[in-house]
Amino acid sequence: MKSFIPVTPESDFSLMNIPFGLFRAGDYYAVCTRVGDTVIDLSICHNIDVFNGIELPSGIFNEKTLNPFISLGKAVTSAVRSRLQEALSVGGYLDADIFKSSALMIPAAEAEMVLPLNIGDYTDFYSSREHATNVGKMFRDPANALLPNWLHLPVGYHGRASSITVSGTPVVRPSGQTMPEGATTPHFGKTKQLDFELEMAFVIGKENPLGRPIPIEEAEDYIFGLMLFNDWSARDIQKWEYVPLGPFLAKNFASTVSPWIVTLEALEPFRVKGPEQKPEVLPYLNIDGKRNYDIHLSVEILSNSGSKKTVCRSNFRYMYWNMCQQLAHHTVNGCNVRIGDLMASGTISGETEDSFGSMLELCWKGTKPIQMPDGTQRTFIEDGDTVIMRGWNDTGYGRIGFGECSANVLP
Ligand code: MN
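Residues numbered from 1 in each chain as written. Predicted model: local features only at pLDDT ≥ 70, side-chain atom pairs only at ≥ 80, totals over all residues. Heavy atoms only, no water.

A. Focus on the coordination of the manganese ion. Taken together, the protein ligands of the manganese ion are Asp-124 (OD), Glu-197 (OE), Glu-199 (OE) and Asp-231 (OD), with distances of 2.1 to 2.2 Å. Sequence positions of the donors to the manganese ion reduce to the motif D-x72-E-x1-E-x31-D. Glu-197 gets classed as buried once you look at its relative accessible area, which sits at 4%. (Donors = N, O, S within 2.8 Å, 3.2 Å for Na, K, Ca; no water. Buried < 20%, exposed > 50% of the residue type's maximum accessible area, 1.4 Å probe, protein only.)

B. Local environment of the layout of surface pockets. Approximately 680 Å³ is the volume attributed to the largest pocket. Around the largest pocket, the lining is made up of 32 residues, and of these Tyr-126, Gln-238, Tyr-242, Gly-246 and Pro-247 lie nearest the centre. Going through the elements one at a time, strand 6 (122-125), helix 5 (129-139), strand 7 (156-158) and helix 6 (235-241) are the ones with two or more residues in the lining of the largest pocket. At four residues, helix 5 tops the list of elements feeding residues into the lining of the largest pocket. Tallied by class, residues from the lining of the largest pocket come to 17 nonpolar, seven polar and eight charged. (1 Å grid on protein atoms, 1.4 Å probe; cavity = no way out; pocket = protein on both sides within 12 Å on 5 of 7 lines; lining within 4 Å. Points joined across faces, edges and corners; volume = space filled by probe spheres on them. Helix = DSSP H or I, 4+ residues; strand = E, 2+ residues; numbered from the N terminus. Nonpolar A, V, L, I, M, F, W, Y, C, P; charged D, E, K, R; others polar.)

C. Region of interest: the sheet that holds strand 2 (residues 28-35). One open sheet holds the five strands; their spatial order is 4-3-2-1-5, and the pairing between them is antiparallel. One side of each edge strand has no neighbouring strand; the edge strands of this open sheet are strand 4 (105-107) and strand 5 (112-113). In terms of strand pairing, strand 3 (residues 38-41) meets strand 4 through three bridges, oriented antiparallel. Looking across to strand 4, one finds that Ile-40 is bridged to Met-105. (Pairing = 2+ DSSP bridges.)

D. Molecular detail of the sheet that holds strand 20 (residues 296-302). Spatial strand order, 9-26-25-20-21: five strands in an open sheet with mixed pairing. Whereas interior strands pair on both sides, the edge strands pair on one side only; in this sheet they are strand 9 (171-172) and strand 21 (308-315). Relative to strand 21, strand 20 runs antiparallel, the two sharing seven bridges. Across the sheet, residue Glu-300 finds its bridge partner in strand 21, namely Thr-310.

E. Summary view of helix 7 (residues 323-331). A large share of helix 7 lies buried, amounting to nine of its nine residues. Among the residues of helix 7, Met-323, Cys-324, Gln-325, Gln-326, Leu-327, Ala-328, His-329, His-330 and Thr-331 are the ones counted as buried. In this fold, the buried residues of helix 7 make contact with strand 6, strand 7, strand 13 (198-204), strand 14 (223-230), strand 19 (292-293) and strand 22 (342-344). Sitting at the head of helix 7, Asn-322 places a side-chain oxygen 3.0 Å from the backbone nitrogen of Cys-324. (Contact = heavy atoms within 4.5 Å. Polar contact = N/O pair within 3.5 Å; in protein donor to acceptor, adjacent residues only side chain to side chain.)

F. Representation of empty space enclosed by the protein in the model. Inspection of every chain in the model, using the stated rule, returns two cavities of 30 Å³ or more. By volume, the largest cavity is sized at about 60 Å³. Arg-291, Asn-292, Tyr-293, Phe-316, Met-319, Trp-321, Asn-322, Met-323, Gln-326 and Ser-345 together form the lining of the largest cavity. Its residues assigned to classes, the lining of the largest cavity comprises five nonpolar, four polar and one charged. One number sums up the size of the second largest cavity: a volume of about 30 Å³.

G. Up close: the pattern of salt bridges. Considering all chains together, one arrives at 19 salt bridges under this definition. A salt bridge links Glu-276 to Lys-278; the nearest nitrogen and oxygen atoms lie 4.0 Å apart. Exposure remark for Glu-276: the relative accessible area of 63% places this residue in the exposed category. The shortest N-O distance in the salt bridge between Arg-378 and Asp-385 comes to 2.8 Å. No difference in accessibility class separates Arg-378 from Asp-385, as the two residues are buried. Taken together, the shared-partner salt bridges connect Asp-195, Glu-197, Asp-231, Arg-235 and Lys-251 into one network. (Salt bridge = Lys/Arg side-chain N within 4 Å of Asp/Glu carboxyl O.)

Here you go:
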């Protein structure tokens, strides 16, 4: 399968991908996909009969969010994705000069991508064993780093949806209360320990009624696709406020997502088995098969001066608790989920020191600074820094990835 649109081997957007996003041009909004460096307007595709035979409400591709499209269900959204793959192939429906000259295809650099979802609720899990162990070692007991519940349930908390923004939106350094080392009264001011958390988030694509848990073997039906997710964190604020109810203002000031949602179907070739789970989980969390995904992840820091360094290389496959278990657990008490809800994985750390998914771990609470090429050091994120996350893998027939999840830090 090859597109008539040029795709370099390094591009995340081969014809194998066909992710979904949303762009705007003034008051005009359209659902779109991307091949190589070209963004394709699905509303125009619809108008020129690319989706003939697929039941689609009129105006579905000109809504201001993808929620109405996602709510059509996987039978429809998968059919749209497959049809796009055919139409964008060499010799396909759109491989004709009459189409190429229209507004159908926009250079990616010119397309203003917007947050593609109306996110009603956002949950953040804590599902990387390496991350939970690192944090436990640093802040609690190195000998008993994991708390007693951790191996029995996917720990999580309810986050804040209102401050989730799309890649490219700046993040303002938050202020808050801290208790500095050795102090006896709290201090108020800008955080001195601004951090990223390398995460992936899945998008809910099907709703369960209140009171009806999602059985674990059906969980994948409820997942539309995945995004990159940066759960920005202020560690000094977090340290002072988190007892006993968990994260609050240290987390709710900003989260950044990639503009593209890569469907679960696109990620099929990357399925792998997760880590062995011991002790055995309760029956409602028990699921066999390949439920993890082999997705390479990286984090790059780009300084104000243009100095850049990849500080972390991790992989989504390291997750101890998989998405099916997270969703089954989230709903086992009857909690309902809604189209567009976002469920983030928690920081994705691997075993090696360069695979840790936060500055907190990479610099071990500030004790091991990272050297930047321009001679400056980092223990946390500085004003003017841009944090860029990437996620991808190669099918052998082209790469599938998420593009960039990037945000610049303002004072
Ligand atoms: Mn997090």
